[in-house]
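Here's the letter readout for the chains.
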Amino acid sequence: MYIAVIAAVALGIAVGLIWPDAAVELKQLGTGFVNLIKMMISPIIFCTIVLGIGSVRKAAKVGAVGGIALGYFLVMSLVALAIGLVVGNVLHPGDGLHLTDALKQTGHAQVESDALPPVDFVLSIIPNTFVSAFTQGQVLQTLLVALLAGFALQAMGSAGQPVLRGVEHVQRLVFRILSMVMWAAPVGAFGAIAAVTGSAGLDALKSLAVLMLGFYVTCFLFVFIVLGTLLRVVAGLNVFSLFKYLAREFLLILSTSSSESALPRLIAKMEHLGVSRPVVGITVPTGYSFNLDGTMIYMTMASLYIADALGTPMSVGEQIPLLLFLLLASKGAAGVSGAGLATLAGGLQSHKPALVDGVGLIVGIDRFMSEARALTNFAGNAVATVLVGTWTKEIDKVRVRRVLAGELPFDETTLLDEGRPTVSEVPEPREEGLVKA
């Protein structure tokens, strides 16, 4: 499948360049594949979090993992904002551009009509019913229900073991379905790449090359210098080895422009790597809403780009409050292709409406920037899972090295370790470290 996806991407680019009009119509192939993946997101998040929390007897241990993860997410989001701020102020890529009325209308069209203020956004995390958290596709709602269910089962003790075994069987079913869906990845990749290549001509990209290049370089430096250094210092691992292990997931994100398409596989691979189930179950789903390093860099550079293009450059005193507002507005917007653009437009509309006109300037290249956003977000969450596992001593370092060395290959047919014991068979975790399954 790995080779098939690469071939499909190359074929999609060729079709987009040769028959651009026909290629645009192939967009639905990519959309359909991403929707198939999204269909599985809520049940996978629910099962992963419930099993992660429910299999640990002490709630304080779960709280420690969650607290460390959220603290790390906040710090890294601020670091990503600061890096984007510095690069944006050095490059000034928006200088000299001219905004037309058509572009203004395009920018305003990106503003979500149902964008919520902060208080209403928090209330929207609470689903109308227990089941609606799964049917409405809201990741944060699923996260809340899963947390409540996990802690409830934890409090039930041995009485909750039958339910946990049932949830584990459901998880195996869901992953089995996902492994079947993944065979459609080459078709989805072909449609998505062909459509974007056909709709965004080469000429339309030339004037925005500086912004794109600056954004890609910034994301690259953040991932391989900032995250790579952290991974080496804290966990003693090489970032290139980790990313090689996740190569299929990076390719999937590159072709679909959605980090959400690789969320289920990241959960499965982090557990296979040797990170404990509680750490994976809490860190990965939470990180997809709160650890958006690529989105933070995008928000920063795009805001500065638009301000410069409109001839109203912002002072540092104006930039910081806007970016802190966007830091809050971006939560929960991960994974969906194009969500970053809508979040940017909605945030500008709420905090600095005069800049919404300029959002139309970046619509043409947002698909390409979305890829870098998604790749950076995914890399950040993969590294975060290893780091949190190391800090909480919930990682099997011997297994990690064996997996990264290729001695314990990941089962692509099931996305699960079939020989892994069930919840009821796993002994109680000891305080000093991970029990090796």
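Figured I'd write up the structure that's included with this text. Being a predicted model, the structure only gives us computed values, none of them experimental. (Residues numbered from 1 in each chain as written. Predicted model: local features only at pLDDT ≥ 70, side-chain atom pairs only at ≥ 80, totals over all residues. Heavy atoms only, no water.)

## A short note on the overall build of the chain
Assigned secondary structure in the chain consists of 21 helices and zero strands. For the chain, the proportion of its 437 residues judged to be buried stands at 53%. If you sum the accessible surface of the chain, you get close to 18300 Å²; carbon and sulfur atoms cover 67% of it. (Helix = DSSP H or I, 4+ residues; strand = E, 2+ residues; numbered from the N terminus. Buried < 20%, exposed > 50% of the residue type's maximum accessible area, 1.4 Å probe, protein only. Areas by Shrake-Rupley, 256 points an atom, 1.4 Å probe, with all protein chains shown as cover.)

## Some points on the environment of Leu70
As for its position among the elements, Leu70 is in helix H4 (residues 59–91). In sequence terms Leu70 and Gly287 are 217 residues apart; their C-alpha atoms lie 8.1 Å from each other. For Leu70, the residues in contact, after removing those within four places along its chain, are Thr286 and Phe290. (Contact = heavy atoms within 4.5 Å.)

## Topic: the packing of helix H3 (residues 27–54) against helix H9 (residues 161–181)
Contact pair H3 / H9: the axes reach a minimum separation of 9 Å and the direction vectors enclose 155 degrees. Between H3 and H9, the interaxial angle falls into the category roughly antiparallel. For the pair H3 and H9, the crossing hand works out as left-handed. Of the residues in H9, those in contact with Phe33, Leu36, Ile37, Met40, Pro43, Ile44, Cys47, Thr48, Val50, Leu51 and Gly54 of H3 are Leu164, Val167, Glu168, Val170, Gln171, Val174, Phe175, Ile177, Leu178 and Val181. (Axes fitted to C-alpha atoms, helices over the stretch in contact; angles between N-to-C directions. Parallel < 35°, antiparallel > 145°, perpendicular 65-115°, else oblique. Left-handed = near helix turned anticlockwise from the far one by under 90°.)

## Observations concerning the packing of aromatic side chains
Scanning the entire structure with this criterion turns up nine aromatic pairs. Judged by centre distance (5.1 Å) and plane angle (20 degrees), the ring pair of Phe224 and Phe240 falls under stacked. With Phe224 in helix H12 (residues 209–235) and Phe240 in helix H13 (residues 239–245), this residue pair connects regions lying 16 residues apart in the sequence. Judged by relative accessible area, Phe240 falls into the exposed class, the value being 56%. Relative to Phe250, the ring of Phe243 lies with its centre 5.1 Å away and its plane at 75 degrees, an arrangement referred to as edge-to-face. Linked through ring pairs, Phe220, Phe224, Phe240, Phe243, Phe250 and Phe378 together constitute an aromatic cluster. Positioned above the aromatic ring of Tyr245 is the side chain of Lys269, whose terminal nitrogen or guanidinium carbon lies 4.8 Å from the ring centre. (Phe/Tyr/Trp six-rings, centres within 6.5 Å; stacked < 30°, edge-to-face > 60°. Lys NZ or Arg CZ within 6 Å of the ring centre and 35° of its normal.)

## Some details on the side chain of Thr142
Mapped onto the elements, Thr142 comes out in helix H8 (residues 139–156). On the basis of relative accessibility, which here comes to 0%, the residue Thr142 falls in the buried class. Excluding anything up to four places from it in sequence, Thr142 contacts Ser42, Ile45, Phe46, Ala133 and Phe134.

## A short note on the pattern of salt bridges
Evaluation of the coordinates by the stated rule reveals five salt bridges. The shortest N-O distance in the salt bridge between Glu271 and Arg277 comes to 3.9 Å. Per residue, the accessibility class of Glu271 equals that of Arg277, and both read buried. The structure contains a network of salt bridges with shared partners spanning Glu168, Glu271 and Arg277. (Salt bridge = Lys/Arg side-chain N within 4 Å of Asp/Glu carboxyl O.)

## Some remarks on the side chain of Arg277
Examined against the element boundaries, Arg277 turns out to sit in helix H16 (residues 277–290). Separated by 3.3 Å, the side chains of Arg277 and Glu168 make a polar contact. (Polar contact = N/O pair within 3.5 Å; in protein donor to acceptor, adjacent residues only side chain to side chain.)

## Let's talk about helix H14 (residues 247–256)
A large share of H14 lies buried, amounting to seven of its 10 residues. Where H14 is concerned, the buried positions are Glu249, Phe250, Leu251, Leu252, Ile253, Ser255 and Thr256. Within two residues after H14, Ser257 carries a phi angle of roughly 60 degrees, on the positive side.

## Some points on the packing of helix H15 (residues 263–273) against H16
Put simply, H15 and H16 touch, their axes get as near as 10 Å, and they point 155 degrees apart. Relative to H16, H15 is oriented roughly antiparallel. Once H15 is placed against H16, the crossing between them reads as right-handed. Contacts from Leu263, Leu266, Ile267, Met270 and Glu271 of H15 reach H16 at Arg277, Val280, Val284 and Tyr288. Tallied by class, residues from the contact of H15 with H16 come to seven nonpolar, no polar and two charged. (Nonpolar A, V, L, I, M, F, W, Y, C, P; charged D, E, K, R; others polar.)

## Here we look at unusual backbone geometry
Among all residues save glycine, negative phi is the norm, and among peptide bonds the norm is trans. Its identity as a non-glycine residue notwithstanding, Lys393 has a phi of 55 degrees, on the positive side. The exposure class of Lys393 is exposed, given its relative accessible area of 55%.

## Here's the deal with the nonpolar core
Note that soluble globular proteins tend to have their nonpolar side chains buried in a common cluster. Counting 109 residues, the largest nonpolar core has Leu231, Leu242, Leu246, Met270, Leu344 and Val386 as its most contacted members. With 12 residues, the top contributor of residues to this core is H3. Counting five residues, the second-largest nonpolar core is a separate cluster that includes Ala8, Ala23, Phe190 and Ala194. (Core = buried A, V, L, I, M, F, W, Y, C linked by side-chain atoms within 4.5 Å.)

In short, the description is geometric, and any link to function would need to be established separately.
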